[in-house]
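# Summary of structural features
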Amino acid sequence: MMRKTMLGALALSLGLSACTTSPLGRSQLSLFDSSEIDQQGQKAFDEYRKSHKQATGRDGQYVTCIADAIIKTLPEGQGPSKWTVGVYQDEEPNAFALPGGYVVINTGLMKVAKNQDQIATVVGHEMAHVLANHANERTSTQSLTSTGLGVVQSVTGNNALAQLLGAGAQYGVLLPYSRRQESEADLLGLDLMARAGFDPQASIALWQNMASAGGGQPPEWASTHPNSGERSEALKGRMQSALKLSEEARAAGHTPNCGNIKS
Ligand SMILES: [Zn+2]
């Protein structure tokens, strides 16, 4: 705790804006310029696309329909100016997000998520990582931890520190999210899909499907997560307010109907 405070104070003393607040009100360390982090996200996405084939046809249209329904209900001026959401050929049931608004859903996940509301849960979760600037936070904490306070202290002047941090940004966007960030993405994602008129109860069913799919490497959004019981409990704790958001959205005319694409 002491160490973290010192690091924050150090960053502040060097004139960096060290702290931001996540959409759910959590204080975050954010040492990087968001445009730099977004640029690294784009680079990583370009690299990913070289070795992965985008799924065309119904799966792609289905996910685009669901993503569009959520995007159009995002608060004005929040998040990237453009989202890139796609389905890619990979049989592992997984999904991930990169800063700059890139969301990738694997074809393998399309078999585990049984309806539009379950897929909206995944899309909402991934968008939540982007909206909450989790990559900047992860990269910031990782840079300070891996370089160590001693190294930072031995650096003289802002330029050298910027270089040090810049090196961190290049790999930082590919770091796995922390458990706390995963929990936050679950809850924020639940709100996002509910505000678009999807059924938030589907989040519980999706997690059960994922648990029974089992096997192989744990998916991104499960890897650093509490177990399925804890995850369900956290979602249930927010379910009443999410149901209300969904009802209000539907009453206001947000009644997504992407399922017909899938049939
Ligand atoms: Zn996640």
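Residues numbered from 1 in each chain as written. Predicted model: local features only at pLDDT ≥ 70, side-chain atom pairs only at ≥ 80, totals over all residues. Heavy atoms only, no water.

Attention shifts here to helix α11 (residues 228-237). Here α11 has its buried residues at Arg-231, Ser-232 and Leu-235. End-on, the buried residues of α11 take up no more than an arc of 100 degrees, which puts them together on one face. Exposed positions of α11 whose direction lies more than 90 degrees from the buried face are Glu-233 and Gly-237. (Buried < 20%, exposed > 50% of the residue type's maximum accessible area, 1.4 Å probe, protein only. Helix = DSSP H or I, 4+ residues; strand = E, 2+ residues; numbered from the N terminus. Arc of directions from axis to C-beta.)

With that settled, consider the pattern of salt bridges. Summed over the entire model, instances satisfying the criterion amount to 9 salt bridges. Between Asp-46 and Arg-49 there is a salt bridge whose closest N-O contact spans 3.2 Å. Taken together, the positions of Asp-46 and Arg-49, both in helix α2 (residues 34-51) and 3 residues apart, correspond to about one turn of that helix. Looking at Asp-46, the relative accessible area reads 32%, which means it is partly exposed. Exposure remark for Arg-49: the relative accessible area of 44% places this residue in the partly exposed category. Where Arg-231 meets Asp-186, a salt bridge forms, and the shortest distance between an N and an O atom there is 2.7 Å. Of this pair, Arg-231 sits in helix α11 while Asp-186 is found in helix α8 (residues 179-195), placing the two residues 45 residues apart along the sequence. For the pair formed by Arg-231 and Asp-186, the shared burial category is buried. (Salt bridge = Lys/Arg side-chain N within 4 Å of Asp/Glu carboxyl O.)

Here the focus is unusual backbone geometry. One non-glycine residue, Asn-133, lies in the positive phi region at around 50 degrees. Secondary-structure assignment places Asn-133 in the loop between α5 (116-131) and α6 (134-154).

Strand order across the open sheet formed by 3 strands is β3-β5-β4, with mixed pairing between neighbours. Two strands bound the open sheet, and with one partner strand each, they are β3 (84-88) and β4 (95-98). Shown here is a sheet whose adjacent strand axes are inclined to one another by a mean of 15 degrees, direction ignored. In this structure, β4 lies alongside strand β5 (residues 102-106), joined through 4 bridges in antiparallel fashion. Paired with Ala-97 across the two strands is Val-103, which belongs to β5. Relative to β4, α5 is tilted by about 25 degrees, and along the sheet it contacts β3, β4 and β5. (Pairing = 2+ DSSP bridges. Axes fitted to C-alpha atoms, helices over the stretch in contact; angles between N-to-C directions. Contact = heavy atoms within 4.5 Å.)

Another aspect to go through is the confidence of the model for the chain. For the chain, per-residue confidence averages 82 on the pLDDT scale, and residues scoring 70 or more make up 76% of the total. The spread of mean pLDDT over the elements of the chain runs between helix α1 (residues 2-13), the lowest at 51, and helix α12 (residues 239-251), the highest at 98. Note on residues 149-161: pLDDT under 50 across the span, and 17 contacts to partners over four residues away in sequence or across chains. (pLDDT = per-residue confidence, 0-100.)

With 38 residues, the main nonpolar core has Ile-70, Ile-105 and Met-127 as its most contacted residues. In terms of residue count, α5 provides more of this core than any other element does, 8 residues in total. (Core = buried A, V, L, I, M, F, W, Y, C linked by side-chain atoms within 4.5 Å.)

Here we come to the state of the cysteines. Two cysteines form a disulfide when their sulfur atoms are joined by a covalent bond. Applying the stated rule across the entire model yields 1 disulfide. Here Cys-65 engages in a disulfide with Cys-258; their sulfurs sit 2.1 Å apart. Between Cys-65 and Cys-258, the disulfide has an S-S torsion of -80 degrees and is therefore left-handed. Remark: Cys-258 occurs in the loop between α12 and α13 (259-262) and Cys-65 occurs in helix α3 (residues 58-71); sequence separation between them is 193 residues. Since its relative accessible area comes to 1%, Cys-258 is described here as buried. (Disulfide = S-S within 2.5 Å.)

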